[in-house]
Amino acid sequence: MLVTVAAEARNLSLPETKPESVGFSSERLKRLDAGMKAVVDRKELAGIATVVARRGQVVQQMTYGQADIAGAKPMQLDSIVRIYSMTKPIVGVAMMMLYEEGKWKPSDPIWRHIPEFRDLKVYAGNGPDGQPTFVAPSHPPTMGELMSHTAGFTYGVFGATPVDKLYQQSAPLAAPSLQEFIDRMAKLPLLYQPGEGWVYSVGVDIQGYLVEKLSGKPFPEFLRERIFEPLGMKDTAFHVDKDKMSRLATIYQWGGEGLSAMPHDKGVNEPPGMPSGGGGLYSTANDYLRFAQMLANDGQLDGKRLLAPSTVALMTANHVPDAVKNQSGKFGIGNYRMQPGFGFGFDVAIYEEPLEIGSPAGKGTYLWDGIAGTWFWIDPTNDVVFLGIIQRRGGPAGVPNIEDLSRQLTFQALVEPSK
């Protein structure tokens, strides 16, 4: 039986405070509570966990519905979920740590660190025979372009171009190791000239390889030693230990009949041969809240500093050229379109001028989400962190996007932002 009653979650990973003490209205936060609960009541989702924090303290934390319907397991802040592309900002932090160590610069050509990429070509359309043609890049794609999805790579699953079809044939993300992944990528063309587009891509999987190569440590080990352990992210990894399986949430697929359970990933209990920097991590609301609060605190949490404030500023500044953003929202993914006022930094999207594009978020808010519905944002202007956890692939048409809805309902409750 689907339990839809909202529960006030208590197993917090940050200190708690009364909403009014940091400018929120308890009464207005009930709208956020009601809005999230309604989505579960309509059976559009199995379960949700949400956390709102301001100035490093939790002002509201709620759980709704189930992590697993058949097993009647309630969604909790320590429910383990596949965060998919919310892996990307974590890898971005790892890369910025190596940037601070002088291991790379945004202007470096990628081939300086991955020699296999020295002779990459660019797709230039189909020739008279209908076959793809390729040309040399106008400049070698750079590390900064790699980290901002402007280097020319793609994913192969969101488009139908000849380059996407080549990705599908090569299946680089199915490679058995990071090195084999790079070897396959080296044979694939770029979709567009570096710096002349923005296409969501395997760029962060490439970054995972770079973390391993530049640090001299296995990629998962670097994340564990340098990020997860210092931040106390005890449930975040590329696999789920067998003794934690009772806390693993089920991913649901939305279809014509509503929600249907998807099987757990094959090999869920074993470290993968090719750990995906673009989408391979499991985590919990508690763990990811600590990661997000570290960024909100300009790189430190509980006395553990991972990055300097200037490095966080570089990571969360726009790096998409104006010429790309000015193309009437041509480039983007999902609800997010590159446009004046909205850009992309190093592994996070950015509301540069939110009021100009109709968002209540504070200037400089940065964010990302995952394909199973997890999402977060950090608003440095208002010092607000929000985290949402769901497990659903796809969704019903014609209903409000839950991420946008949560942002609207959160900011309408911030009535005294000067506090």
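All figures in this text were calculated on a predicted structure; none of them were measured in a lab. (Residues numbered from 1 in each chain as written. Predicted model: local features only at pLDDT ≥ 70, side-chain atom pairs only at ≥ 80, totals over all residues. Heavy atoms only, no water.)

**What about helix α6 (residues 203-215)?**
As a reminder of what qualifies: The way it works is that DSSP assigns letters per residue, a run of H or I at least four long becomes a helix, a run of E at least two long becomes a strand, and they are numbered from the N terminus. The span one expects for a helix is its residue count, reduced by one, times 1.5 Å. Residue exposure (1.4 Å probe, protein chains only): buried if accessible area is under 20% of the type maximum, exposed if over 50%, otherwise partly exposed. It only takes one pair of heavy atoms within 4.5 Å for two residues to be counted as in contact.
Helix length check: α6 (13 residues) gives 18 Å between terminal C-alpha atoms against 18 Å at 1.5 Å per residue, within 8%. All of the buried residues in α6 are Gly203, Val204, Asp205, Ile206, Gln207, Gly208, Tyr209, Leu210, Val211 and Leu214. Tucked into the core, α6 has its buried residues touching α2 (87-100), α3 (143-147), α5 (178-186) and α7 (219-231). Among the residues trailing α6, Gly216 stands out with phi positive, at a value near 75°.

**Let's talk about the UniProt feature "domain: Beta-lactamase-related" (unreviewed entry) in the protein chain**
Definition in use: UniProt positions are given in the numbering used here, feature names are shortened, and annotations may be inferred rather than shown by experiment.
Following the UniProt record, the feature "domain: Beta-lactamase-related" (unreviewed entry) maps to residues 37-397 here. Between the C-alpha atoms that bound residues 37-397 the distance is 19 Å, and the span itself is 25% helix and 21% strand.

**Thoughts on a nonpolar patch on the surface**
The criterion, for reference: Within the patch definition used here, like charges are joined within 9 Å and nonpolar side chains (Val, Leu, Ile, Met, Phe, Trp, Tyr) within 5 Å, considering only residues with over 30% relative accessible area and no salt bridge. Shrake-Rupley sampling with a 1.4 Å probe provides the accessible areas, and residues are treated as covered by the protein chains on show and by no other component. Any Lys or Arg side-chain nitrogen located within 4 Å of an Asp or Glu carboxyl oxygen qualifies as a salt bridge.
A cluster of nonpolar side chains, namely Val157, Phe158 and Ile371, defines an oily patch on the protein surface of about 300 Å² accessible area. Of the residues examined, Ile371 reaches a relative accessible area of 39% and is grouped as partly exposed.

**Remarks on the pairing of strand β2 (residues 47-54)**
Which entries qualify depends on this criterion: DSSP-based pairing: two strands are paired if at least 2 bridges between them are found.
A large share of β2 lies buried, amounting to eight of its eight residues. By the alternation rule, side chains of β2 split into Gly47, Ala49, Val51 and Ala53 and Ile48, Thr50, Val52 and Arg54, which are all buried. One ladder, built from eight bridges, connects β2 with strand β3 (residues 57-68); its direction is antiparallel. When the sheet's bridge partners are listed, Thr50 is paired in β3 with Met62. Between β2 and β3, which pair antiparallel in sequence order, lie two residues; one of them, Arg55, sits at a positive phi of approximately 50°. By the bridge criterion, six bridges tie β2 to strand β19 (residues 384-389) in an arrangement that is antiparallel.

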